[in-house]
Amino acid sequence: AVLSLPALERLDVAAVEDVAQLAAGARRPRKEVPPRKLELDLPCEGSEVRLVVSWHDCVDFWRIVAKGGPSCTEALACADAAATLHTTPEWEALRRRIASEIATPERLLSGEAYLR
């Protein structure tokens, strides 16, 4: 047997308040997501190089690629293993899904949204 709880019992307190306000017709400003960025200063041949890594969750990344965002589209299209610092099975699965549902990386790079 499977125990199923009503939706309001599965949500945290903040989500329950949000749902109640929205159901009552309240309009609220859209919440801005703070930038997710990691900045590192790395030694390189007697000097320092700044490495900046920005990341997005899958939903944000998907939306940015669909709109032709340059950094995400170029990251998706980069198939050069030597240029890839880190990869995960989730990244490869996301690349395959975008290629099958939106477009291949090559088509994204030649698309109107990217070229604007």
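Q: I tried to follow the packing of helix α3 (residues 58–66) against helix α5 (residues 89–101) on my own but got confused; where do I start?
A: Geometrically, a packed helix pair is captured by the angle between its two axes and the distance between the axes. Where α3 contacts α5, the two axes come as close as 12 Å, and the packing angle between them is 40 degrees. Along this stretch, α3 crosses α5, giving a crossing that reads as right-handed. On the side of α3, the interface is formed by Cys58, Phe61, Trp62 and Val65, while α5 contributes Trp91, Leu94, Arg97, Ile98 and Glu101. The residue makeup of the contact of α3 with α5, split by class, is seven nonpolar, no polar and two charged.

Q: Would you mind showing me how to read α3 here?
A: Note on helix geometry: an α-helix contains 3.6 residues per turn, so any two residues three or four positions apart are oriented the same way. All buried positions along α3 are accounted for by Asp60, Phe61 and Val65. The arc enclosing the buried residues of α3, seen along the axis, measures out at 130 degrees, which places them on a common side. Phi turns positive, to about 85 degrees, at Gly68, one or two residues after α3.

Q: When you look at the side chain of Asp60 in this model, what are you seeing that I'm missing?
A: Structurally, the position occupied by Asp60 is in helix α3. Residue Asp60 is classed as buried on the basis of its relative accessible area of 16%. Within polar-contact distance, the side chain of Asp60 engages the side chain of Arg63 at 2.6 Å.

Q: Where do I start with the layout of surface pockets in this structure?
A: Once rolled over the atoms, a probe with the size of a water molecule shows which space is left empty. Size it by volume and the largest pocket reaches roughly 1000 Å³. Along the walls of the largest pocket sit 29 residues, with Val53, Ser54, Ala75, His86 and Trp91 positioned nearest its centre. Of all the secondary structure elements, the ones that give two or more residues to the lining of the largest pocket are β1 (37–44), β2 (47–54), α3, α4 (70–77) and α5. Per element, the largest residue contribution to the lining of the largest pocket is five residues, and it comes from α5. Tallied by class, the residues present in the lining of the largest pocket amount to 17 nonpolar, seven polar and five charged.

Q: Can you walk me through the pairing of β2 in this structure?
A: One face of the sheet, then the other: side chains in a regular strand alternate in exactly this way. Across eight bridges, the pairing between β1 and β2 is antiparallel. In the sheet register, Asp41 faces β2, and the bridge partner there is Arg50. Between β1 and β2, which follow one another and run antiparallel, lie two residues, and Glu45 among them has a positive phi close to 50 degrees.

Q: Teacher, can you tell me more about the pattern of salt bridges here?
A: Pairs can form between side chains of opposite charge whenever their charged atoms are close. All chains considered together, the criterion is met by five salt bridges. The shortest N-O distance in the salt bridge between Arg97 and Glu101 comes to 3.0 Å. With a gap of four residues between them, Arg97 and Glu101 both fall in helix α5, about one helical turn apart. Members of the salt-bridge network, linked through shared partners, are Glu39, Asp41 and Arg50.

Thresholds, definitions, all that
Residues numbered from 1 in each chain as written. Predicted model: local features only at pLDDT ≥ 70, side-chain atom pairs only at ≥ 80, totals over all residues. Heavy atoms only, no water. Axes fitted to C-alpha atoms, helices over the stretch in contact; angles between N-to-C directions. Helix = DSSP H or I, 4+ residues; strand = E, 2+ residues; numbered from the N terminus. Left-handed = near helix turned anticlockwise from the far one by under 90°. Contact = heavy atoms within 4.5 Å. Nonpolar A, V, L, I, M, F, W, Y, C, P; charged D, E, K, R; others polar. Buried < 20%, exposed > 50% of the residue type's maximum accessible area, 1.4 Å probe, protein only. Arc of directions from axis to C-beta. Polar contact = N/O pair within 3.5 Å; in protein donor to acceptor, adjacent residues only side chain to side chain. 1 Å grid on protein atoms, 1.4 Å probe; cavity = no way out; pocket = protein on both sides within 12 Å on 5 of 7 lines; lining within 4 Å. Points joined across faces, edges and corners; volume = space filled by probe spheres on them. Pairing = 2+ DSSP bridges. Salt bridge = Lys/Arg side-chain N within 4 Å of Asp/Glu carboxyl O.

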